[in-house]
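What the coordinates show
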Amino acid sequence: MSQYKYKRVLLKLSGEALAGDQGFGIDPKVVREITEQIGEIAKDDIEIAIVIGGGNFFRGLAGSSEGMDRAQADYIGMLATVMNALALQDAFEQSGIYSRVQSAINMQEVAEPYIRRRADRHLQKGRVVILAAGTGNPYMTTDTTAALRACELEVDCLMKATKVDGVYDKDPKKFDDAQRFDHISYLEVINRQLHVMDTTATSLCMDNNIPMIVFNLGVKGNIKRALQGEDVGTVITAE
Ligand code: UDP
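Residues numbered from 1 in each chain as written. Predicted model: local features only at pLDDT ≥ 70, side-chain atom pairs only at ≥ 80, totals over all residues. Heavy atoms only, no water.

A word on the packing of helix H5 (residues 142-152) against helix H7 (residues 199-207). At a minimum axis separation of 7 Å, H5 and H7 run at an interaxial angle of 15 degrees. With respect to each other, H5 and H7 are oriented roughly parallel. Our pair here, H5 against H7, has a crossing hand that is left-handed. Of the residues in H7, those in contact with Asp143, Thr144, Ala147, Leu148 and Cys151 of H5 are Thr200, Ala201, Leu204 and Cys205. When the residues that make up the contact of H5 with H7 are grouped by side-chain class, the tally is six nonpolar, two polar and one charged. (Axes fitted to C-alpha atoms, helices over the stretch in contact; angles between N-to-C directions. Helix = DSSP H or I, 4+ residues; strand = E, 2+ residues; numbered from the N terminus. Parallel < 35°, antiparallel > 145°, perpendicular 65-115°, else oblique. Left-handed = near helix turned anticlockwise from the far one by under 90°. Contact = heavy atoms within 4.5 Å. Nonpolar A, V, L, I, M, F, W, Y, C, P; charged D, E, K, R; others polar.)

Below you can see the structure in the form of structure tokens.
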């Protein structure tokens, strides 16, 4: 335990992370790989809450750009996150890791309601808490949810899982000369419009002084390495 730099963390997983190469839906093998990585840390007594996205099924903005009512489309997006949460829970259960799903939209047959104190208790008892349905409000994202829950649950850091190994000054997939930051401030992320998380999420972390770590989930063991303070991504703080 002592080799870890953080005790309680919030991990933001995008829906796409569960889709694997197919880019849509849920790939159970990929989900298992992710939960194995997380389970390893949970066994070391690190308290983990996960905010899961829904982009592998539906995004409200995409629906509204096709003419749907935005709020209605956003609710569909939030429901998509619940499917992902249940898939994660299934994989945790199969590898013997205790977990609970809490949803910001009540659906008691499949998930507990989101209750901050109860989530806190689950974390203390070593259960992975999977937070579904975003904030429960349209016009928001699961990035913002992650920042909000990170504040509420008083985590030591917010980990944002991505497909690249940190924050770059420009898109590394498009530009060969893109430079990676080992460390960058919240203000610089916002001012340079680096699109790591949305601006609401970044400013919420800034106002509440929650360090963010942006890392590549595709490299096995990276979550553990990042939490042990190894340089596997970009750290975002006030300085
Ligand atoms: N969403 C929402 N309110 C929230 C969180 C999410 O309306 O508090 C909706 C929104 O339509 C979003 C969708 O849920 O597009 C899926 O979330 P997101 O796009 O953040 O998922 P990710 O990109 O992380 O997979």
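Back to the write-up after that little detour.
With respect to spatial proximity, 20 residues lie near the ligand, and among them Gly15, Asp74, Thr135, Asn137 and Thr142 are the closest. Interatomic distance of 2.7 Å between a backbone N/O atom of Gly15 and an oxygen atom of the ligand. Measuring from an oxygen atom of the ligand, one finds a side-chain N or O atom of Asp74 at 2.5 Å. About the coverage of the ligand: the protein hides 93% of its 520 Å² of free accessible area. (Near = heavy atom within 4 Å. Polar contact = N/O pair within 3.5 Å; in protein donor to acceptor, adjacent residues only side chain to side chain. Areas by Shrake-Rupley, 256 points an atom, 1.4 Å probe, with all protein chains shown as cover.)

Below, the discussion takes up the packing of aromatic side chains. Applying the stated rule across the entire model yields one aromatic pair. Above the ring of Tyr114, the side-chain terminus of Arg149 is found at 3.7 Å from the ring centroid. Here the guanidinium or amino end of Lys170 rests over the ring plane of Phe175, the centre of that ring lying 5.5 Å away. (Phe/Tyr/Trp six-rings, centres within 6.5 Å; stacked < 30°, edge-to-face > 60°. Lys NZ or Arg CZ within 6 Å of the ring centre and 35° of its normal.)

We now examine the UniProt feature "binding site: UMP" (unreviewed entry) in the chain. The residues that UniProt annotates with the feature "binding site: UMP" (unreviewed entry) are Gly54, Asp74, Thr135, Gly136, Asn137, Pro138, Tyr139, Met140, Thr141 and Thr142. The greatest C-alpha distance among the annotated residues, which extend across 89 residues, is 14.2 Å, indicating that they converge on a single site. Note on placement: Pro138 falls in the loop between strand S5 (128-132) and H5. A residue is classified by how much of its surface remains accessible, and Pro138, at 19% relative accessible area, is buried. Not counting residues within four places of it along the chain, the set of residues in contact with Pro138 comprises Ala71, Asp74, Tyr75 and Met78. Mapped onto the secondary structure, Tyr139 falls in the loop between S5 and H5. Classification of Tyr139 as exposed rests on a relative accessible area of 53%. (UniProt positions renumbered as here; feature names shortened; annotations may be inferred. Buried < 20%, exposed > 50% of the residue type's maximum accessible area, 1.4 Å probe, protein only.)

The subject of this paragraph is the pairing of strand S11 (residues 233-237). When you tally the buried positions in S11, you get four out of five residues, the bulk of the element. As judged from the three bridges shared by strand S9 (residues 183-185) and S11, these two strands associate in the parallel manner. Bridge pairing links Ile184 to Ile236 in S11. Pairing of strand S10 (residues 212-216) with S11 involves four bridges; the strand directions are antiparallel. Within S11, the residue paired with Phe215 across the bridge is Gly233. (Pairing = 2+ DSSP bridges.)

Pairing is mixed across the open sheet formed by nine strands, whose spatial order is S4-S3-S5-S2-S1-S6-S10-S11-S9. Either end of the sheet is taken by a strand with one partner, and the two such strands are strand S4 (112-113) and S9. Where strand S1 (residues 8-13) meets strand S2 (residues 47-52), six bridges bridge the pair, whose relative direction is parallel. Bridging across to S2, Leu13 finds its partner in Ile52. The strands touched by H5 are S1, S2, S5 and strand S6 (157-162); relative to S1, the strand with the most contacts, the crossing angle is about 175 degrees.

If you look at the biggest cluster of nonpolar residues, it comprises 41 residues, and the most contacted ones within it are Leu11, Leu13, Ile50, Leu88, Ile223 and Leu227. Within the residue set of this core, elements represented by two or more residues are S1, helix H1 (28-42), S2, helix H3 (70-94), S5, S6, S10 and helix H8 (222-227). Beyond its immediate chain neighbours, meaning those up to four positions away, Ile50 contacts Leu11, Leu13, Ile38, Leu88, Phe92, Val128, Val129, Ile130 and Leu131. Core analysis: the next-biggest nonpolar cluster, separate from the first, contains 28 residues, Ala146, Ile210, Met212 and Ile236 among them. (Core = buried A, V, L, I, M, F, W, Y, C linked by side-chain atoms within 4.5 Å.)

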